[in-house]
Amino acid sequence: MKKPNIAILGATGVVGREILKIMDELNVEYNKLKLLSSPKSAGTELEFQGKKYIVEEAKPESFDGINIVIASAGGSTSKKFAPEIVKRGGVLIDNSSAFRMEPDVPLVIAYVNDEDLKKHKGIIANPNCSTSQLMLVLKPLHEKAKIKRLIVSTYQSVSGAGLAAINELTADTKANLAGENFENICFKKPISFNVIPQIDVFCENGYTKEEMKVTNETKKILHLNPDTPISCTAVRVPVYRGHSEAVDIEFENEITPDEVRQILKNTFGVKVIDNPENYEYPTTRDAANVDPVFVGRIRKNIAFKNGTSLWCVGDNLRIGAALNTVRICKKITEMGLF
């Protein structure tokens, strides 16, 4: 198997550092590694597998000889460098929303729709964090009973909004406890001891962009009929790490809660914790810093004929971002797609 030359674009960010951590954990094989960032962060020294790297400023020529670029530097940066990467024969695995809904760009969750990787033309998109953990749960259930309708409510941690948001939660909490005034910047409302029913900007239909990402990306990844009714409410909660989701699914065919449990117990990347009588169900603390998507509270949905309700939790910095991009990197290497 040919070993690729890999570049991490946005290496000094929260997700970029997580990507390096997971590359080490998953023992990603490579020939050469290059760490890239904005001019502001260039010159930073990072250590990886016992070797010290100086982060370089990303320029078009930075991608000469690079086979795979894992990018987590924001949509504008990805759009700027994508043509340069592709022109030089590289494959961009992009963690931003820049290319997700482009018809000719595969939107991929590793182990869910790997075959779509074969369609890439130099760019592969990593889904939104909330979508990512949801797909590992929905794919095997859809294969069994066919999704007819889907309603999702997300409870998303502040790390999904970056390091500044993490720091704002800490500072706002300290100020609140001390009885001091605090000016929130990252969020439209104070985040400490609060729940904010808005993530991203509002669209004309009254939904936020975050909510429409879950709707549209789910249809694309699972190859659902475009008319499949999906609704999402996305909420920011004062949690540092880990997204939670309440999921209500109506299927075309009958499926029992016991069947759902058994299917998910045998699904890659999913761990079932479902014994509510003994207060055993997943929380964000269970998911922090580990790979699985945890599922519990599996029960028959009494509002739908063939309905199931469940609760799922995942680490948004891992399965929601870094983990899936690294898994995609390994997949395209194994499949010889670079």
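Here we summarise the structure given alongside this text. (Residues numbered from 1 in each chain as written. Predicted model: local features only at pLDDT ≥ 70, side-chain atom pairs only at ≥ 80, totals over all residues. Heavy atoms only, no water.)

All right, on to the sheet that holds strand 12 (residues 270–272) then. Across the sheet, six strands lie side by side as 10-9-11-14-13-12; this open sheet has mixed pairing. The outermost strands of the open sheet, each flanked by one partner alone, are strand 10 (230–236) and strand 12. When the angles between neighbouring strand axes are averaged without regard to direction, this sheet yields 20 degrees. Two elements, strand 12 and strand 13 (residues 293–300), share three bridges in a ladder whose sense is parallel. When the bridges of strand 13 are listed, V272 appears paired with V295. Across the sheet, helix 3 (residues 129–145) touches strand 9 (147–156), strand 11 (243–251), strand 12, strand 13 and strand 14 (307–314), and the angle it forms with strand 11 is around 25 degrees. Helix 5 (residues 209–222) rests against strand 9 and strand 10 of the sheet, and its axis sits at about 135 degrees to strand 10. (Pairing = 2+ DSSP bridges. Helix = DSSP H or I, 4+ residues; strand = E, 2+ residues; numbered from the N terminus. Axes fitted to C-alpha atoms, helices over the stretch in contact; angles between N-to-C directions. Contact = heavy atoms within 4.5 Å.)

Another point: the pairing of strand 10. Counting buried residues in strand 10 gives five out of seven residues, a clear majority hidden from the surface. For strand 9 and strand 10, the ladder comprises seven bridges, and the chain directions are parallel. Of the residues in strand 10, the one forming a bridge with Q156 is R236. (Buried < 20%, exposed > 50% of the residue type's maximum accessible area, 1.4 Å probe, protein only.)

Put simply, helix 3 and helix 6 (residues 257–265) touch, their axes get as near as 10 Å, and they point 125 degrees apart. Judged by the angle between their axes, helix 3 and helix 6 are oblique. Considering the relative orientation of helix 3 and helix 6, their crossing is right-handed. Contacts from V137, P140, L141 and K144 in helix 3 reach E259, V260, I263 and L264 in helix 6. Class assignment for the residues of the contact of helix 3 with helix 6 results in six nonpolar, no polar and two charged. (Parallel < 35°, antiparallel > 145°, perpendicular 65-115°, else oblique. Left-handed = near helix turned anticlockwise from the far one by under 90°. Nonpolar A, V, L, I, M, F, W, Y, C, P; charged D, E, K, R; others polar.)

For the rest of this paragraph, the subject is the pairing of strand 6 (residues 68–71). The side chains of a regular strand alternate between the sheet's two faces. Residues I68 and I70 line one face of strand 6 and the alternating positions V69 and A71 line the opposite face, and both faces are buried. The sheet contact formed by strand 1 (residues 5–9) and strand 6 spans four bridges and is parallel. The residue of strand 6 that forms the bridge with I8 is I70. As judged from the four bridges shared by strand 6 and strand 7 (residues 91–94), these two strands associate in the parallel manner. Across the sheet, the residue bridging to I70 is I93, located in strand 7. A crossover links strand 6 with its parallel partner strand 7, the connecting element being helix 2 (residues 75–87), and its sense is right-handed. (Right-handed = clockwise from strand over helix to strand, strands pointing away.)

Summed over the entire model, instances satisfying the criterion amount to 20 salt bridges. Ionic pairing is found between E115 and K118, a salt bridge with its closest N-O pair at 3.0 Å. Accessibility assignment for this pair places E115 and K118 in one class, exposed. The partner of D200 in a salt bridge is K213, with the nearest N and O atoms 3.7 Å apart. Placement of the pair is D200 in the loop between helix 4 (163–178) and helix 5 and K213 in helix 5, with a sequence separation of 13 residues. Under the relative-accessibility criterion, D200 is labelled partly exposed at 33%. (Salt bridge = Lys/Arg side-chain N within 4 Å of Asp/Glu carboxyl O.)

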